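Residues per chain, in single letters:
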Amino acid sequence: MSFHLPAIRRTSYSAGHAASKCVLVPKGYLAVYVGEKQKRFVIPISYLNQPSFQDLLSQAEEEFGYDHPMGGLTIPCSEDVFQNITSRLNGQ
């Protein structure tokens, strides 16, 4: 199973300029959007290899295909479910 992730734009901020909606994502991480309010989470890319996270990616593919409205990966589950899964991945 392979997934094509959209490019994540990196933005630098300088004093006196309004912040853009794009924010820096550290190397080795990716931004995902979760839940009805599309809350943004930055997660390690190592999660992509985990079976429980791959289930979420399959759901995202079924619902959105490769067209993610937020410009980043959108995960179609509640924030609670997402946080439960990622907290278990953090404990491994």
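Quick notes on the rules
- Residues numbered from 1 in each chain as written.
- Predicted model: local features only at pLDDT ≥ 70, side-chain atom pairs only at ≥ 80, totals over all residues.
- Heavy atoms only, no water.
- Phe/Tyr/Trp six-rings, centres within 6.5 Å; stacked < 30°, edge-to-face > 60°.
- Buried < 20%, exposed > 50% of the residue type's maximum accessible area, 1.4 Å probe, protein only.
- Helix = DSSP H or I, 4+ residues; strand = E, 2+ residues; numbered from the N terminus.
- Pairing = 2+ DSSP bridges.

*Asks:* Where do I start with the packing of aromatic side chains in this structure?
*Replies:* For any pair of aromatic rings, geometry is given as the distance between the ring centres together with the angle between the planes. Per the counting criterion, the structure on display carries three aromatic pairs. Between Tyr 47 and Phe 53, the ring centres sit 6.1 Å apart and the planes meet at 55 degrees, which makes this aromatic pair tilted. The class for Tyr 47 is buried, based on a relative accessible area of 6%. Taken together, a centroid distance of 6.2 Å and an interplanar angle of 65 degrees make the contact between Phe 53 and Phe 82 edge-to-face. On the criterion of sequence distance, the pair formed by Phe 53 in helix H1 (residues 51–64) and Phe 82 in helix H2 (residues 79–90) is long-range, its members being 29 residues apart. For Phe 53, a relative accessible area of 0% puts it in the buried group. For Phe 82, a relative accessible area of 1% corresponds to the buried category. The rings of Phe 41, Tyr 47, Phe 53 and Phe 82 are connected pair by pair, giving a single aromatic cluster.

*Asks:* Could you clarify how one ought to interpret the pairing of strand E1 (residues 29–34) in this entry?
*Replies:* The side chains of a regular strand alternate, residue by residue, between the two faces of the sheet. Among the six residues of E1, five are classified as buried, and the element is accordingly described as predominantly covered. Pairing of E1 with strand E2 (residues 39–44) involves six bridges; the strand directions are antiparallel. In the sheet register, Leu 30 faces E2, and the bridge partner there is Ile 43. Linking E1 back to E2 in an antiparallel pair, the connection comprises four residues, with Gly 35 at a positive phi of about 85 degrees. With three bridges joining them, E1 and strand E3 (residues 73–75) adopt parallel strand pairing. Note that in E3 the partner of Val 32 across the bridge is Leu 73.

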